[in-house]
Amino acid sequence: MNFIFSLLALEITGAFFILLVIRRTRYDYSVPELLTLSFFLGAGFVSYQLFLYHLSGIGFGFLNLIIVPVVLLILIFARYASRPERIADLLPEKGNPRRWSRTEKLLAAGLFFQLLWIVLLVAPVPVHSHDAVANYALKARIFHSAGGIPEGFFGWNEATVAHPDYPLLLPFLMTWIYAFTGFNDLNVNMIMPVIYLAFLVLFYSQMKKLFSRQYSILLTFILGTTAQVADYAVIIHADLILTAFVTCAFVYFMLYVRTKDRICLILSSVLFGFSLWVKNEAMVFTGAFAAAAAASLVRSEPFQRRRALADVVIAFAVVAALAAPWFCLKFSGALAVNSDMDFSRLTSGRLWQNIRDIPILLNFFQQEVFGPKKWNIFWIVLLAGAIWKRKTLWKGECFYVTFFLLLSAAGYFAAYMAMTGDTLFFYVNTTISRFMLHFCGAALLLLAYLLKDDIRAVASFNTA
Amino acid sequence: MIRDRVLNKGKILKLIFAVWLILWILFLLREDKDGQYRSLGYLYAHPYSGKVGYLMGDELYDFLVFCRQHIPGGSTCELLGFKRFSISEMRARYFMWPVRNVEKGADFKIICGEGDIAAPGYKEHRKYDGAGRLLARGAGLR
């Protein structure tokens, strides 16, 4: 029960932002979008809150943490209690929803079955996976037992905690839950199925704004039943969370491209900004987002350029404001040096060694693409679709998806070439499948654009 | 001609989806690791300590419980007897918190297993009957 209260407190924080800031701009959302976006915004805000508490010397006790959602709840209540007629503004605009077809019901049932399966696997197991006990869950345990981030934590070496220099969203989220439940590393595991569910529901809500409902649920089904996505919902790792933030952030950007609604770009930049609290890899995606936003400015109509410029400047400012506290610490030298990528050790000899090992990278990559255990036929279909519809790749809205994916992939490739801690074989062997997870949401969006006309050709399936 | 092309496209897409469904169910239900379902049954049937013992291995779990009972919280330890950064070492580190694992100058050395690891400057802190030794710096902290 306390676990649910901890999630409700996250919801309040996120909902405050949506109800009192976004809604005033007449941005229309569905209830599922409101609930799931509130969850992700709340989770991001918790990172921000706890980190600022640390900087201010405020402990992570229950009362200190709960004060923020309580105040925000009072503010929401005050706004709507004084003018009850405003409550109508909160509700999404109602359309005339069609009944769900049999295909849609079957796809939804499949996703429900997958979710139940994940819960079945998670429920009886305490935190146990390698990165969880070495990194995320250990940090949460440390923060909870110390009532904050202990003195000198960021300088501790690997013998005490893995990667003290890593961003802290997941440990902070677990610390938040522990503040409500007490230390319980059995219950806290359930946060991953919650994240999985929130991700799929938000993705579906976003897809519905780009495509038809039938096509949206098909895409969500593909995403949710990809074994790698489901597998990372079973263990305490930050990779699924990064995938969720990056995917949803990028889809909001695509909604901006289509509608030119500034709030979509702000939502995108907020999610990209919070993704920098999840994993260091988010820097690559945020850089690619910045380039895509700049490209949208260049490609805008001359008469819209001034407004487009203002949109992009606001988006960059939001990302900078959200990332600033963490990056100030990162560049202050207070963090332990990253043990995997240390630029002071990146000599020409090491770089040449990494370049010579590129065939190893390609070999692992093809194993991922063609091995069905983790990815089913996801990457095979994507590659086939990209070849088949190659002329569409750089046309219209598809341009931005292709651009974003290629730029991000180039960033990951460059990072592999800059690895210094161990051999490239070690890094590729231990990371490539989860790195490909980070891309799968945006890659699915590309596939959605490429195939939408052809899937419409299949009887009874409407994508428009 | 156009009609045929559309039909073929439809058949291809349906075939792709059918393959997706078959592979999804296959990899979802098959045992990923030997004894996965038996393990799940065990984990559902046992309390928290039984779950942790099962995951960690009973021998290591019993020894670490013993160590936790005899090391004051806030001390430092050095876990030995593991392959470096192995899953067992990581689980032991996690389990031992708030006893903090360090590389040098630990208050205690926890030597897991039967390995003959020298620890100059450390003496037995408490006698353990199973596989493992708990040592303390200097004269020990009895």
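Note that this is a predicted model, so its numbers are computed, not measured.

Student: Before we go on, may I ask you to explain the overall build of chain B in this structure?
Tutor: Along chain B, the regular secondary structure elements total five helices and five strands. Along chain B, from the amino end to the carboxyl end, the secondary structure elements read α-α-α-α-β-α-β-β-β-β. Split into buried and exposed, the 142 residues of chain B put 39% on the buried side. Within chain B, contacts between residues separated by at least 24 positions form 55% of all contacts whose residues are at least 6 apart in sequence. Looking at chain B as shown, the accessible area adds up to about 8,500 Å², and 57% of this sits on carbon and sulfur atoms.

Student: Looking at this model, I keep getting lost on the packing of aromatic side chains. Mind explaining?
Tutor: Between two aromatic rings, the relevant description is the distance of the centres plus the angle of the planes. Residue and element names in this part refer to chain A. Applying the stated criterion across every chain, the model contains 52 aromatic pairs over all chains. Ring centres of Phe378 and Trp379 lie 4.8 Å apart, and the angle between their planes is 80°; on these two criteria the pair is classed as edge-to-face. For the pair shown, Phe378 and Trp379 are each scored as buried. Cation over ring: Lys260 sits above Tyr256, and NZ or CZ is 5.2 Å from the ring centre. Geometry around Phe399 places Arg299 over its ring, the cationic atom sitting 3.9 Å from the centre.

Student: Please explain the state of the cysteines as it appears in this structure.
Tutor: Put plainly, two cysteines are in a disulfide when a covalent bond ties their sulfur atoms together. Tallied over the entire structure, the rule returns zero disulfides over all chains. Note on Cys264 of chain A: no disulfide assigned, nearest cysteine sulfur contributed by Cys248 of chain A at a separation of 13 Å.

Student: What should I look at first to understand the interface of chain A and chain B in this one?
Tutor: The extent of an interface is frequently quoted as the accessible surface area lost upon association of the parts. The interface is formed by 52 residues belonging to chain A together with 40 residues belonging to chain B. The junction of chain A with chain B conceals about 4,000 Å² of combined surface from both sides, 71% of it contributed by carbon and sulfur atoms. The three residues of chain A that bury the most area against chain B are Pro124, Arg141 and Ala159 of chain A, which together make up 14% of that side's buried surface. At the surface where chain A touches chain B, the tally comes to zero salt bridges. On inspection of chain A and its partner chain B, the count reaches 17 residue pairs in polar contact (both at pLDDT 80 or more).

Student: Help me understand the confidence of the model for chain A in this model?
Tutor: The predicted coordinates should not be examined in detail at positions where pLDDT is low. Mean pLDDT over chain A stands at 91; residues scoring 70 or higher make up 97%. Looking at the elements of chain A, mean pLDDT is at its lowest for helix α4 (residues 87–90) of chain A, recorded as 71, and at its highest for helix α11 (residues 239–259) of chain A, recorded as 97.

Student: Just checking my understanding: could you explain the pattern of salt bridges for this structure?
Tutor: Two side chains of opposite charge can pair, provided their charged atoms sit close to one another. Residue and element names in this part refer to chain A. The final tally for this structure, using the stated rule, is 12 salt bridges over all chains. We note a salt bridge from Glu281 to Lys279, for which the minimum N-O separation is 3.7 Å. Residue Glu281 shares its accessibility class with Lys279, and that shared class is buried. Three or more residues joined by partner-sharing salt bridges are found here, namely Asp239, Lys279 and Glu281.

Student: How do you make sense of the side chain of Asn189 of chain A when you look at a structure like this?
Tutor: Within the fold, Asn189 of chain A resides in the loop between α7 (169–181) and α8 (191–210). A distance of 2.4 Å separates a polar atom in the side chain of Asn189 of chain A from the backbone oxygen of Val125 of chain A.

Student: Please explain the domain arrangement of chain B as it appears in this structure.
Tutor: For chain B, the domain assignment lists domain 1 (2–45) and domain 2 (58–137). Summarising the inter-unit geometry, the C-alpha centres of domain 1 of chain B and domain 2 of chain B are found 45 Å apart.

Student: What is the right way to look at the packing of α11 of chain A against helix α19 (residues 398–417) of chain A in this model?
Tutor: Residues and elements named next belong to chain A. In the contact formed by α11 and α19, the axes pass within 11 Å of each other and the chain directions differ by 145°. As for how α11 packs across α19, the hand of that crossing is right-handed. Contact residues: Leu242, Val246, Phe250, Phe253, Met254 and Val257 in α11; Tyr400, Val401, Phe404 and Tyr412 in α19. Residue composition of the contact of α11 with α19, grouped by class: 10 nonpolar, no polar and no charged.

Student: I tried to follow helix α5 (residues 87–96) of chain B on my own but got confused; where do I start?
Tutor: Owing to its 3.6 residues per turn, the α-helix brings residues three or four apart onto one side. For α5 of chain B, a buried count of eight out of 10 residues is recorded, marking the element as mostly surrounded by other parts of the structure. Listing the buried residues of α5 of chain B in full gives Glu89, Met90, Arg91, Ala92, Arg93, Tyr94, Phe95 and Met96 of chain B.

Student: So what exactly am I meant to see when it comes to the packing of helix α2 (residues 31–56) of chain A against α8 of chain A here?
Tutor: The relative placement of two packed helices comes down to the angle between their axes together with the axis-to-axis distance. Residues and elements named next belong to chain A. Direction vectors running N to C along α2 and α8 enclose 130°, while the axes themselves pass 9 Å from each other. Comparing their axes, α8 and α2 come out oblique. Between α2 and α8 lies a crossing whose hand is left-handed. When α2 is examined against α8, the residues Pro32, Glu33, Thr36, Leu37, Phe39 and Phe40 are found in contact with a partner set consisting of Ile191, Val194, Ile195, Ala198, Phe199, Val201, Leu202, Ser205 and Lys209. The residue inventory of the contact of α2 with α8, partitioned by class, reads 11 nonpolar, two polar and two charged.

Student: Any chance you could explain the sheet that holds strand β1 (residues 76–80) of chain B here in plain terms?
Tutor: Across a sheet, strands are paired by hydrogen bonds formed along the backbone, either parallel or antiparallel in direction. Residues and elements named next belong to chain B. Here we have five strands laid out as an open sheet, ordered β2-β1-β3-β5-β4, and mixed in their pairing. Each edge of the open sheet is held by one strand with a lone partner, namely β2 (100–101) and β4 (122–126). Across four bridges, the pairing between β4 and strand β5 (residues 132–137) is antiparallel. Opposite Tyr122, over in β5, you have Arg137 as the bridge partner.

Calculation notes
Residues numbered from 1 in each chain as written. Chains lettered and ligands numbered in written order. Predicted model: local features only at pLDDT ≥ 70, side-chain atom pairs only at ≥ 80, totals over all residues. Heavy atoms only, no water. Helix = DSSP H or I, 4+ residues; strand = E, 2+ residues; numbered from the N terminus. Buried < 20%, exposed > 50% of the residue type's maximum accessible area, 1.4 Å probe, protein only. Contact = heavy atoms within 4.5 Å. Areas by Shrake-Rupley, 256 points an atom, 1.4 Å probe, with all protein chains shown as cover. Phe/Tyr/Trp six-rings, centres within 6.5 Å; stacked < 30°, edge-to-face > 60°. Lys NZ or Arg CZ within 6 Å of the ring centre and 35° of its normal. Disulfide = S-S within 2.5 Å. Buried area = accessible area lost by both parts, 1.4 Å probe. Salt bridge = Lys/Arg side-chain N within 4 Å of Asp/Glu carboxyl O. Polar contact = N/O pair within 3.5 Å; in protein donor to acceptor, adjacent residues only side chain to side chain. pLDDT = per-residue confidence, 0-100. Domains from an automatic or database assignment. Axes fitted to C-alpha atoms, helices over the stretch in contact; angles between N-to-C directions. Left-handed = near helix turned anticlockwise from the far one by under 90°. Nonpolar A, V, L, I, M, F, W, Y, C, P; charged D, E, K, R; others polar. Parallel < 35°, antiparallel > 145°, perpendicular 65-115°, else oblique. Pairing = 2+ DSSP bridges.

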